[in-house]
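Listed below, chain by chain, are the residues.
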Amino acid sequence: MRAREAAALLLATLDHNEMVPRFLDMYAAENRRPGRADQPAHYREQFQTIRREAILAMVLRAADVLPARLKVRVNVRQLKRVRKKSRKAKKGRKASKTRPVRKSSLDLAIPLLDLFREEFFVALGQALDWSDEDAQEFWHDLELYETLTQREPRRQAGRTTRAVASGPFVDRTAFILDPSLIDQARRAAGKFQLELNTAADRVLHKVFARRRGN
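Per chain, the residues get numbers from 1 upward, laid out in the order the sequence is written. Note on the predicted model: pLDDT of at least 70 is required for a residue's local features to be given, and 80 or more for side-chain atom pairs to be given and counted; whole-chain, interface and lining totals, by contrast, use all residues. As a rule here, side-chain values come from all non-hydrogen atoms in the structure, and water together with hydrogens is ignored.

(A) Region of the structure containing helix H1 (residues 2-16). In this model, H1 (15 residues) spans 20 Å end to end at C-alpha, consistent with the 21 Å of a helix rising 1.5 Å per residue. We call a residue buried when its accessible area falls under 20% of the maximum for its residue type, exposed when it is over 50%, and partly exposed in between, using a 1.4 Å probe and counting protein chains only. Only DSSP runs of H or I covering at least 4 residues are called helices, and only runs of E covering at least 2 are called strands; the numbering of each starts at the N terminus. Taken together, the buried positions of H1 are occupied by Ala3, Glu5, Ala6, Ala7, Leu9, Leu10, Leu11, Thr13 and Leu14. Downstream of H1 by one or two residues, Glu18 has phi in the positive range, about 50 degrees. In this scheme, a helix's expected span is set at 1.5 Å multiplied by one less than its residue total.

Okay, here's the thing in structure tokens:
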């Protein structure tokens, strides 16, 4: 299935290309900070924590562009709002004034997206050998990412020419990376997020292009 393939390829892209180690090494070299040779234990801790943040960022990016790949019009971030509005419309007295939503789009989009996400996360959890607690923590952090990202200006979407030093990945990664030089760390994390976004885009493009004829 495409979802399982996407999960495996996302992790392979992150790890086989050594995206996190390259990010850490480059930051240490450019800013004259301790690296893996100077503080190996600290480096390992940074690597594991930032790798998890990178997975969260790539998963969120994949969820953001998934509707276009599945050729449905409902944005993943809007599904919860759509469902809430639907429930309120049934209970409210002004339901008749609610703008009608084409059922054909929703009826197609929600099952496709939910099924893909379910299979994707099962495969991701198996690949990362998650316990139930690990899975719950990841889901909690992903929901936090989604909530905080929704508050960010939409100008971030699709921009790859410059880093936007804002958002949950940038904030959390910068604090882990170098809290004593937080501005420099935020700029570096912003640029790294663009790399992760591009990588996630390529993963979905490759998965869906490969299966297009099936």
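(B) Here's a closer look at the environment of Leu142. Here Leu142 lies in helix H6 (residues 132-150). According to the relative accessible area criterion, Leu142 is buried, its value standing at 2%. In this structure the C-alpha to C-alpha distance between Leu142 and Leu60, which are 82 residues apart in sequence, comes to 7.3 Å. With residues near it in sequence (within four places) discarded, Leu142 still touches Leu56, Val59, Leu60 and Phe121. The contact criterion used is simple: two residues touch if any of their non-hydrogen atoms lie within 4.5 Å.

(C) Looking closely at the pattern of salt bridges. The term salt bridge refers to a pairing of a side-chain nitrogen on Lys or Arg with a carboxyl oxygen on Asp or Glu at a separation within 4 Å. Tallied over the entire structure, the rule returns nine salt bridges. The closest approach of N and O atoms between Asp141 and Arg52, which form a salt bridge, is 2.6 Å. Pair noted here: Asp141 is in helix H6 and Arg52 is in helix H3 (residues 40-70), with a separation of 89 residues, a long-range link. The exposure class assigned to Asp141 is buried, which follows from its relative accessible area of 13%. What makes Arg52 partly exposed here is its relative accessible area of 26%. What you see here is one network of salt bridges that share partners, running through Arg52, Glu53, Asp141 and Arg172.

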